[in-house]
Amino acid sequence: MSTPHNAAKIGDIAKYVIMPGDPLRAEYIANTFLENVVQFNNVRGMKGFTGTYKGKPVSVMGSGMGMPSMGIYSYELFKFYGVEQIVRVGSCGGAKADLDLYTVILSEASYSESSYMEMMSEISQKFTYPSKELNEEILAAAKKLKINMVVGKTSSGDVFYKEDFTKTLKVFEENDILAAEMEATALFHNANVLGKKAACILTVSDNIILKQETTAEERQNAFTQMMEIALEIA
């Protein structure tokens, strides 16, 4: 079958999916790390690939930016294509002054600045959670690969360009938020609703407090650690 957003047929997509926001990063992961790669989707330019990593089937697909986009693609993968686990790998803005650029973060909870959960399931709550089991596997993989990883709460927002961060930073401080991104809440909620597993590994691309940021080239070269961790648990 196919959906309005995915041309794949049943069986084209592995049970385990790595999901960066950028479809070009999905292509990079597939071409750099996977063998026997086959592209299963390019509808709307949202590239998806399936291959093998150390003999195990793995798919990688872009989610696009923001919770509405992540909500669509992850829901379809879980609901219609039999995907059991999705690990998001993405960039984030550090919300602590002592959080260095390139730090790898594992989200233990996602604070929502959105109405996604309420609009989808009539659930009014601020936090949603990843799979504890999947997070444990990720931590074990990071340890095996000797990659330092910080575990903490993250926040998912709908707005990238905010004119005033004062209120946001206050909320972050009150809830001990490590970093901000834009997709994890939708991914975690979809997984929880559908009885699946999801996790989110992030790399700090900029620091909101210190106003530091990396270049596009630096992000490409330095963001491979989170990819390696996600691949290791396949």
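Preceding this paragraph is the structure being described.
Visitor: What is the right way to read helix 4 (residues 132–144) from this model?
Guide: Note: α-helices contain 3.6 residues per turn, so residues at a spacing of three or four share the same orientation. Taking 1.5 Å of rise per residue, 13 residues should cover 18 Å, and helix 4 covers 18 Å from first to last C-alpha, within 8% of that figure. Those residues of helix 4 that fall on the buried side of the exposure criterion are Leu134, Asn135, Ile138, Ala141 and Ala142. Taken down its axis, helix 4 places every buried residue within 120 degrees of arc, on the same side. Exposed positions of helix 4 whose direction lies more than 90 degrees from the buried face are Lys132, Glu136, Lys143 and Lys144. The elements touched by buried residues of helix 4 are strand 5 (85–94), strand 6 (104–112), strand 10 (197–207) and helix 8 (224–232). Sitting at the head of helix 4, Ser131 places a side-chain oxygen 3.4 Å from the backbone nitrogen of Glu133. Note on helix 4: the residue one or two positions beyond its end, Lys146, has a positive phi of about 60 degrees.

Visitor: So what exactly am I meant to see when it comes to the packing of helix 2 (residues 67–80) against helix 6 (residues 184–194) here?
Guide: Axes are the key here: two packed helices are described by the angle between their axes and the distance separating the axes. The interhelical angle for the contact between helix 2 and helix 6, taken along N-to-C directions, is 30 degrees, at an axis separation of 8 Å. Here helix 6 runs roughly parallel to helix 2, going by the angle between their axes. When you trace helix 2 past helix 6, the crossing you get is right-handed. Across the interface between the two elements, Met67, Met70, Gly71, Ser74, Tyr75, Phe78 and Lys79 of helix 2 pack against Thr185, Ala186, Leu187, Asn190, Ala191 and Leu194 of helix 6. Its residues placed into classes, the contact of helix 2 with helix 6 shows eight nonpolar, four polar and one charged.

Visitor: Any chance you could explain the environment of Leu187 here in plain terms?
Guide: Along the chain, Leu187 turns up in helix 6. Beyond its immediate chain neighbours, meaning those up to four positions away, Leu187 contacts Met70, Ser74, Phe78, Ile86, Arg88, Ala198 and Ala199.

Visitor: Got a minute to help me understand the pattern of salt bridges in this structure?
Guide: If the charged atoms of two oppositely charged side chains come close together, the side chains can form a pair. Overall, the coordinates contain eight salt bridges when judged by the stated rule. A salt bridge links Glu84 to Lys196; its shortest N-O distance comes to 3.1 Å. In this pair, Glu84 is assigned in the loop between helix 2 and strand 5 and Lys196 in the loop between helix 6 and strand 10, connecting sequence segments 112 residues apart. A residue is classified by how much of its surface remains accessible, and Glu84, at 36% relative accessible area, is partly exposed. Here Lys196 falls in the buried class, since its relative accessible area comes to 18%. The partner of Arg88 in a salt bridge is Glu183, with the nearest N and O atoms 2.8 Å apart.

Visitor: What am I meant to see in unusual backbone geometry here?
Guide: Positive phi outside glycine occurs at Glu122, with the angle close to 55 degrees. Among the secondary structure elements, Glu122 is positioned in the loop between helix 3 (116–121) and strand 7 (127–128). Look at Glu122 and you get exposed, because its relative accessible area is 72%. Positive phi outside glycine occurs at Asp176, with the angle close to 55 degrees.

Visitor: Which parts of the structure should I look at to understand the packing of aromatic side chains?
Guide: Geometry of an aromatic ring pair is reported as the spacing of the ring centres plus the angle between the planes. Within this structure, the stated rule accounts for four aromatic pairs. With centroids separated by 5.3 Å and ring planes inclined at 70 degrees, the aromatic side chains of Tyr111 and Phe127 adopt a geometry described as edge-to-face. Separated by 16 residues along the polypeptide, Tyr111 in strand 6 and Phe127 in strand 7 bring together distant segments of the chain. Judged by relative accessible area, which is 10%, Tyr111 ranks as buried. Overall, Phe127 belongs to the buried group, its relative accessible area being 17%. Look at Phe127 and Tyr129: their rings are 6.4 Å apart centre to centre, the planes differ by 25 degrees, and that puts the pair in the stacked class. Feature note: the residues Tyr111, Phe127 and Tyr129 constitute an aromatic cluster, connected by ring pairs.

Visitor: Sorry if this is basic, but what is going on with the environment of Leu99 here?
Guide: In this fold, Leu99 is placed in the loop between strand 5 and strand 6. On the accessibility criterion, Leu99 (7% relative accessible area) is buried. Sequence separation of Leu99 and Tyr129 is 30 residues, and the distance between their C-alpha atoms is 22 Å. Excluding residues within four positions of it along the chain, Leu99 makes contact with Gly94, Ile105, Leu178, Val204 and Asn207.

Cut-offs applied
Residue positions are given per chain, counting from 1 as you read along its sequence in written order. The predicted nature of this model means local features are confined to residues of pLDDT at least 70 and side-chain atom pairs, given and counted, to a pLDDT of 80 or more, with totals for whole chains, interfaces and linings taken over all residues. Computation of side-chain values covers all heavy atoms of the structure but excludes hydrogens and water. Here a helix means four or more residues in a row that DSSP labels H or I, a strand means two or more in a row labelled E, and each is numbered from the N terminus. Helix span, expected: 1.5 Å multiplied by one less than the number of residues in the helix. Residue exposure (1.4 Å probe, protein chains only): buried if accessible area is under 20% of the type maximum, exposed if over 50%, otherwise partly exposed. The arc in question is formed by the directions pointing from the helix axis toward the C-beta atoms. Every residue pair with non-hydrogen atoms within 4.5 Å of one another is taken to be in contact. Here a polar contact means two N or O atoms within 3.5 Å. Within protein one must be a hydrogen donor candidate and the other an acceptor candidate, and residues neighboring in sequence count only if both atoms are side-chain atoms. Interaxial angles span 0 to 180 degrees and are taken between N-to-C directions of axes, which are lines fitted to C-alpha atoms, for helices over the stretch in contact. Put simply, angles under 35 degrees are roughly parallel, angles over 145 are roughly antiparallel, angles from 65 to 115 are roughly perpendicular, and the rest are oblique. Crossings are sorted by hand: turned counterclockwise from the far helix by less than a right angle, the near helix makes the crossing left-handed, and turned clockwise it makes it right-handed. Residues are grouped as follows: nonpolar covers Ala, Val, Leu, Ile, Met, Phe, Trp, Tyr, Cys and Pro; charged covers Asp, Glu, Lys and Arg; every other residue, Gly included, is treated as polar. Put simply, a salt bridge is a Lys or Arg side-chain nitrogen that is within 4 Å of an Asp or Glu carboxyl oxygen. Each Phe, Tyr or Trp ring (for Trp, its six-membered ring) is paired with any other whose centre lies within 6.5 Å, and the angle between the two planes then decides the class: stacked below 30 degrees, edge-to-face above 60, tilted in between.

Keep in mind that these numbers describe shape and distance, not what the molecule does.
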